[in-house]
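# Coordinate inspection notes
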Amino acid sequence: MKKNMGLADRAIRLIMAVALVVLYSKGIISGTFGVVGLVFAGVFALTSLVSFCPLYTLLGITTAKK
């Protein structure tokens, strides 16, 4: 797996993941929307930790420095 995510992209994804988890835990989002938010939070956290986004590969996007 070749890294295709830069530092700013990774940081934004981690912040979004934390925000979604906090919103769910506070009960601001709930039900199906809350569960979908938690799934997205997990995906955001995982992709930022490994610096690789499969969707970026399909679209030919890279935010990583060469």
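In the block above lies the structure referred to throughout.
Keep in mind that what you see is a predicted model, and the values were worked out from it rather than measured.

## Some remarks on the packing of aromatic side chains
In total, this model carries one aromatic pair according to the counting rule given. Ring geometry for Phe40 and Phe44: centres 6.1 Å apart, planes at 45°, overall tilted. Of this pair, Phe40 and Phe44 are both found in helix 2 (residues 31-50), four residues apart, which corresponds to roughly one turn of the helix. Accessibility expressed as a relative area gives 16% for Phe44, which makes it buried. Here the basic side chain of Arg13 rests over the ring of Tyr56, its NZ or CZ set 5.2 Å away from the ring centre.

## Thoughts on unusual backbone geometry
Of note, Ser51 is a non-glycine position whose phi angle comes to about 60°, a positive value. Within the secondary structure, Ser51 sits in the loop between helix 2 and helix 3 (54-59). The buried category is assigned to Ser51, whose relative accessible area is 4%.

## Some details on helix 1 (residues 7-25)
Here helix 1 contains 19 residues, and its C-alpha end-to-end distance of 27 Å stays within 8% of the 27 Å for a straight helix at 1.5 Å per residue. Taken residue by residue, helix 1 has Asp9, Arg13 and Ala17 as its buried positions. Seen from one end, helix 1 has its buried residues packed into an arc of 75°, which puts them on one side. Residues Leu7, Ala8, Ile15, Val18 and Ser25 are exposed on helix 1 and point more than 90 degrees away from its buried face. Residues of helix 1 that are buried in the fold lie against helix 2 and helix 3. At the exit of helix 1 stands Gly27, carrying a positive phi of roughly 85°.

How each quantity is defined
Residues numbered from 1 in each chain as written. Predicted model: local features only at pLDDT ≥ 70, side-chain atom pairs only at ≥ 80, totals over all residues. Heavy atoms only, no water. Phe/Tyr/Trp six-rings, centres within 6.5 Å; stacked < 30°, edge-to-face > 60°. Helix = DSSP H or I, 4+ residues; strand = E, 2+ residues; numbered from the N terminus. Buried < 20%, exposed > 50% of the residue type's maximum accessible area, 1.4 Å probe, protein only. Lys NZ or Arg CZ within 6 Å of the ring centre and 35° of its normal. Expected span 1.5 Å × (residues − 1). Arc of directions from axis to C-beta. Contact = heavy atoms within 4.5 Å.

Note that all results are geometric; they support no functional claim without further evidence.
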